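Listed below, chain by chain, are the residues.
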Amino acid sequence: MGLGRREFLKLVSLALVGTTMDPLESFKIHDDYYINKKLGLLFEKPADWGYISVADFGKLKEKQVLGNDTIDQEELWETLGEPACMITKYWIDTPENKGVFSPTIQVWVNHKSEFDDIPHSSFEEFVELSGEGTSYFLDDFTILEKKPMYLQFGQPFYERTSTYTFNHVDLSVPVKVVLNLLAIEHNNFYYFINFHECPEQNQLATEEFDKFKKSIRMV
C-alpha cells in the first residue's frame, strides 16, 4: 500500500537543508559542547563553526530551490517544522561568503510515534524509506555507499553516503554536494544527522565530520 502525501512528506524532512531551534531549557550550549538533557544527547561541534538560529530559518527556506516542480514548498516546510539543531562553517549573509557552499551538520530528532502511519517493520527499513523520500525532492540524488549497521552505546547506527545537485538563488550554477547520513535509533527516537560538503568548491569537512561523530554520547 502506498503512502499518503502527508506521510511521504514526513520522510522528506530527514535530509533537507534546514536550520535549528533556539535552545530551550532542556538544551545547553557550553563552548563547543551541545547538551540535551531531555534526549540524553551530547556532542561537540567543530571549532569556529556556529549554530543557525530559528530567526534565520525563513531565509534559508526561501533561498533553497527544491528539485521537484510538483512540490508545494510552503506545505512541505509546514509539515516538516525545524530540525533540532543545525551547525554551519560559514556565517550566513556575509558578502565574502555569497555563493560559497557552507559545510553543514543537521540534527533531526523525531519520536517514533510520529511515523506510526508509515509502514515499516524495522529501523533499517525506515532508513531505506528515507532514501526514497530524499530522491523525491533533491536533484540527481544518488546513493553511493551504504555501510553495514554497527552498534554504538548499544544502539544501531547506520551510515549512507549520497550525492545531489544543490540549487540556490545565490548560485549562478548549481553544484554537486556530498551528503553523509548517520541514522540512529535511541530511546524511542529516530535521529537523522546529515553532513553536507561540496567537493566542487573545495568546501570539504571530512575531518570535522569524523570528529563530530566520535564526540556523540547518548544515555
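Residues numbered from 1 in each chain as written. Predicted model: local features only at pLDDT ≥ 70, side-chain atom pairs only at ≥ 80, totals over all residues. Heavy atoms only, no water.

1. Overview of the packing of aromatic side chains
Moving on, step 1. Tallied over the entire structure, the rule returns 15 aromatic pairs.
Moving on, step 2. Consider the rings of Tyr34 and Tyr51, whose centres lie 6.3 Å apart with planes at 35°: the pair is tilted. Separated by 17 residues along the polypeptide, Tyr34 in strand S2 (residues 33-36) and Tyr51 in strand S4 (residues 50-51) bring together distant segments of the chain.
Moving on, step 3. Taking the relative accessible area as the measure of exposure, Tyr51 reaches 18% and is therefore buried.
Moving on, step 4. Here the aromatic cluster, defined as three or more aromatic residues joined through ring pairs, consists of Tyr34, Phe43, Trp49, Tyr51, Phe195, Phe209 and Phe212. (Phe/Tyr/Trp six-rings, centres within 6.5 Å; stacked < 30°, edge-to-face > 60°. Helix = DSSP H or I, 4+ residues; strand = E, 2+ residues; numbered from the N terminus. Buried < 20%, exposed > 50% of the residue type's maximum accessible area, 1.4 Å probe, protein only.)

2. Digging into the confidence of the model for the protein chain
Moving on, step 1. Summary statistics for the protein chain give a mean pLDDT of 78 and a share of 73% for residues scoring 70 or more.
Moving on, step 2. Mean pLDDT values for the elements of the protein chain range from 49 in helix H1 (residues 5-12) up to 94 in helix H5 (residues 206-215).
Moving on, step 3. Here residues 11-25 scores under 50 on pLDDT; set against residues more than four positions off or in separate chains, the count is 69 contacts. (pLDDT = per-residue confidence, 0-100. Contact = heavy atoms within 4.5 Å.)

3. Describing the pattern of salt bridges
Moving on, step 1. Overall, the coordinates contain five salt bridges when judged by the stated rule.
Moving on, step 2. Two residues, Asp32 and Lys45, come together in a salt bridge whose shortest N-O distance is 3.0 Å. Taken together, the positions of Asp32 in the loop between strand S1 (27-30) and S2 and Lys45 in the loop between strand S3 (41-44) and S4 put the pair 13 residues apart, joining distant regions of the chain.
Moving on, step 3. Among the charged side chains, a network of salt bridges with common partners joins Lys147, Glu159 and Lys213. (Salt bridge = Lys/Arg side-chain N within 4 Å of Asp/Glu carboxyl O.)

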